[in-house]
Amino acid sequence: KGFNLEITEHSLAFFVSAGPGDLNGNGSLGAEDIDLLSQKIREGVRPGQFDLNGDRVLDLADRDYWVNDLAGTYLGDANLDGEFDSTDFVIVFQGGLFETDSAAGWDQGDWDGDGLFNSSDFVAAFQDGGYETGPRAVSVVPEPSTAGMFLLAMGSLLAGFRRRSATATV
């Protein structure tokens, strides 16, 4: 578990998450997160919390990082069970959105992030190389404790407010 602290000019938002990649803050990595990330990439928003690979650019590399490193799976894994196999084809074709030009999400076949389910999604998925290879091997990196991260963020936030208050009264 982790947290996200989002500070804008007019607001401060804090929410607990499953850690990096839980972009909707529901406590788990799911299709809604990759769909939200894909939407933000298409919209060309400022990277912020969506810059998952830390390169300060919001692009398809962040999607690849979410899929491969955070979710530990492959493009094409519609049900996000860690494997890209024939079950995923059954799931997406049952949705009936293939080549209809209707909006689609990850679990409906949009594996290339363009918001549609068409043949380019199959190209992207097969280029990723995960079909019928089994679960992706993921290296485990220890996460910092949530409490420690919270205290660090709050300390930084308070220090910033103190500096602003001190300069405002001078």
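Here, the structure is the one placed above.
Calculation notes
The residue numbering used here restarts from 1 in each chain and proceeds along that chain's sequence as written. Per-residue local features of the predicted model are confined to residues with pLDDT of at least 70, and side-chain atom pairs are confined, for both listing and counting, to 80 or more; whole-chain, interface and lining totals are unaffected and use all residues. For the side-chain quantities, the full set of heavy atoms in the structure was used; hydrogens and water were omitted. Strands here mean DSSP runs of E at least two residues long; helices mean DSSP runs of H or I at least four residues long; both are numbered from the N terminus. Type-normalised accessible area, obtained with a 1.4 Å probe on protein chains alone, sets the label of each residue: buried when under 20%, exposed when over 50%, and partly exposed for intermediate values. Pairs of residues are marked as contacts when any of their non-hydrogen atoms sit within 4.5 Å. In summary, the pairing rule links any two rings of Phe, Tyr or Trp, Trp by its six-membered ring, whose centres are within 6.5 Å, and it sorts them by plane angle into stacked for under 30 degrees, edge-to-face for over 60 and tilted for everything else.

(A) Examining the environment of Val67 more closely. Inspection of the secondary structure assignment puts Val67 in helix H2 (residues 60-70). Residue Val67 is classed as buried on the basis of its relative accessible area of 0%. Spatially, the C-alpha atom of Val67 lies 9.9 Å from that of Trp111, the residues being 44 residues apart in sequence. Setting aside residues no more than four positions away along its own chain, Val67 makes contact with Ile34, Gly72, Thr73, Tyr74, Leu75 and Trp106.

(B) Expanded view of the environment of Val92. Following the sequence through the fold, Val92 ends up in helix H3 (residues 86-94). Excluding residues within four positions of it along the chain, Val92 makes contact with Ala78, Asp107, Gln108, Gly109, Trp111 and Phe117.

(C) Region of the structure containing the packing of aromatic side chains. According to the stated counting rule, one finds 17 aromatic pairs in the structure shown. When the ring of Phe84 is compared with that of Tyr131, the centres are 5.1 Å apart and the planes differ by 70 degrees; the resulting orientation is edge-to-face. Residue Phe84 is located in the loop between H2 and H3, and its partner Tyr131 is located in the loop between helix H4 (119-128) and helix H5 (146-169); the two are separated by 47 residues in the primary sequence. By relative accessible area, which is 1% here, Phe84 ends up buried. By relative accessible area, Tyr131 is classed as partly exposed at 30%. Ring centres 5.9 Å apart and planes at 85 degrees place the aromatic pair Trp111 and Phe122 in the edge-to-face group.

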